[in-house]
Amino acid sequence: MKNDLTGKIHRLGIMGGTFDPIHYGHLVAAEMARAEFKLDKVLFIPTGTPPHKKRRDISAGKLRYEMVKCAIQDNSAFDISALEIEREGPSYTVETLRVLRRKWPNHELYFITGSDALLEIFSWREAEEIFNLIQFIGAARPGFDASDFLLKVQQEHPETQGKIHYLEVPALAISSTDIRARVQRGEPIRYLLPESVRLFLEQRGLYKGKA
Ligand code: ATP
Ligand code: MG
C-alpha cells in the first residue's frame, strides 16, 4: 500500500510491551522497524495485566505509561496508546488488535516484537486469528535465535507465510529485568535507557527494595 498525498497514515507499527521500564532495546527495535518497513507511525502500547508475566508485581500502568511518554517525546513518528492499561482484567493481544483493526480497517498493521516474544506467538490466545489481523516484525535480540523457529513455523503453519518478517537491528543486550536488578543492587543504569526515564524512575524510587 502506498502513501497518498493527503498525508494519511497507511502503515502502522504496534510496539506492545510491559515497558517496566522502557529502554533503548525497545526504542532501537521500533525505530529500525519504522525505517525498514516505511511505517508512518509506531504506536507504543504498554500492557495492562500481561497474561504471560507471572513475575513480581509489575509497576502501575500509569507509571509505565509515563515512562514510555518521556522516552518517545522526541520522535514525531512515535505515539502512545493507553488502550490496554485502561482496560480491566488481563490484556490479550488479540483483543487489542481487534480494536485497532476496527479503527484502521484499511491500514497495513505490523506488530513489532523482539525475537524472544516471536518465539512465543503460538502460545498467545487465538494465535491463528492474530495472523488475520496483523503481520509481525521480529527484531533480533541477543540470546534468542529465531531462524530455526521461522523455518518450523513455515512448515507447521503455512498460513502465516509472508506474515512474519525478520529484522536485523544493532543487537542490544538490554532488558527491563536487568535494569530493575541493577537499580536494586545500586548499580548504574545510565545509557541503557533515556536519561528522562532514568530520572523519572529515580525520583519515584521505582525498583528499589523489590525482589
Ligand atoms: P522484561 O525483562 O521485564 O521481560 P523486556 O526488556 O523483555 O522486559 P518487554 O516490555 O518485555 O521488555 O518487551 C517488549 C517488547 O520489546 C518485546 O517484544 C521484546 O521482545 C522487545 N524487546 C525488549 N528488549 C529488546 C531488545 N533489547 N532488543 C530487541 N527487542 C527487545
Ligand atoms: Mg520481556
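Residue indices begin from 1 for each chain and proceed along its sequence in written order. Each chain takes a letter, starting from A, and each ligand takes a number, starting from 1, following the order in which they are written. Per-residue local features are limited, in this predicted model, to residues with pLDDT of at least 70; the limit for side-chain atom pairs, both in listing and counting, is 80 or more; totals at the level of whole chains, interfaces and linings are taken over all residues. With hydrogens and water excluded, all non-hydrogen atoms of the structure serve as input to the side-chain values.

Draft legend 1. Quick peek at the packing of helix H2 (residues 61–72) against helix H8 (residues 195–204). Contact geometry of H2 with H8 gives a least axis separation of 8 Å together with a crossing angle of 150 degrees. With respect to their mutual orientation, H2 and H8 come out roughly antiparallel. For the pair formed by H2 and H8, the contact residues are Leu63, Glu66, Met67, Cys70 and Ala71 on the first element and Ser196, Val197, Phe200, Leu201 and Arg204 on the second. Note on geometry: axes are lines fitted to C-alpha atoms, helical ones only across the stretch in contact, with angles between N-to-C directions running from 0 to 180 degrees. Helix and strand definitions follow DSSP, with helices as H or I runs of at least four residues and strands as E runs of at least two, each counted in order from the N terminus. Under this scheme an angle from 65 to 115 degrees is roughly perpendicular, one under 35 degrees roughly parallel, and one over 145 degrees roughly antiparallel; angles in between are oblique. The contact rule is simple, with two residues in contact once any of their heavy atoms fall within 4.5 Å.

Draft legend 2. Fine view of the side chain of Thr160. Within the element layout of this structure, Thr160 appears in the loop between helix H6 (147–156) and strand E6 (164–167). A distance of 2.8 Å separates a polar side-chain atom of Thr160 from the backbone oxygen of His157. Non-local contacts of Thr160, meaning those with residues more than four positions away in its chain, are made with Phe122, Phe131 and Val153. Contacts described as polar in this section are N or O atom pairs within 3.5 Å, which, within protein, must combine one atom able to donate a hydrogen with one able to accept it, while residues neighboring in sequence count only if both atoms come from side chains.

Draft legend 3. Structural detail: the environment of Ala127. Mapped onto the secondary structure, Ala127 falls in helix H5 (residues 127–133). Only protein chains enter the accessibility calculation, which uses a 1.4 Å probe; a residue whose area is less than 20% of its type maximum is buried, one above 50% is exposed, and one in between is partly exposed. The class of Ala127 is buried, set by a relative accessible area of 8%. Residues Ala127 and Asp79, spaced 48 residues apart in sequence, show a C-alpha to C-alpha distance of 25 Å. If we skip the residues at most four places from it in the chain, Ala127 touches Ile121 and Phe122.

Draft legend 4. Looking closely at the nonpolar core. Counting 37 residues, the largest nonpolar core has Ile22, Phe44 and Leu201 as its most contacted members. Secondary-structure elements contributing two or more residues to this core are helix H1 (24–36), strand E2 (41–46), H2, strand E3 (78–80), strand E4 (108–114), strand E5 (135–139), helix H7 (176–185) and H8. With 6 residues, the top contributor of residues to this core is H2. Excluding anything up to four places from it in sequence, Leu201 contacts Pro21, Met67, Val183, Ile189, Leu193, Leu206 and Tyr207. Throughout, nonpolar core names a set of buried Ala, Val, Leu, Ile, Met, Phe, Trp, Tyr and Cys residues whose side chains join them through atoms within 4.5 Å. With 23 residues, the next largest nonpolar core counts Val94, Trp104, Ile130 and Leu133 among its residues.

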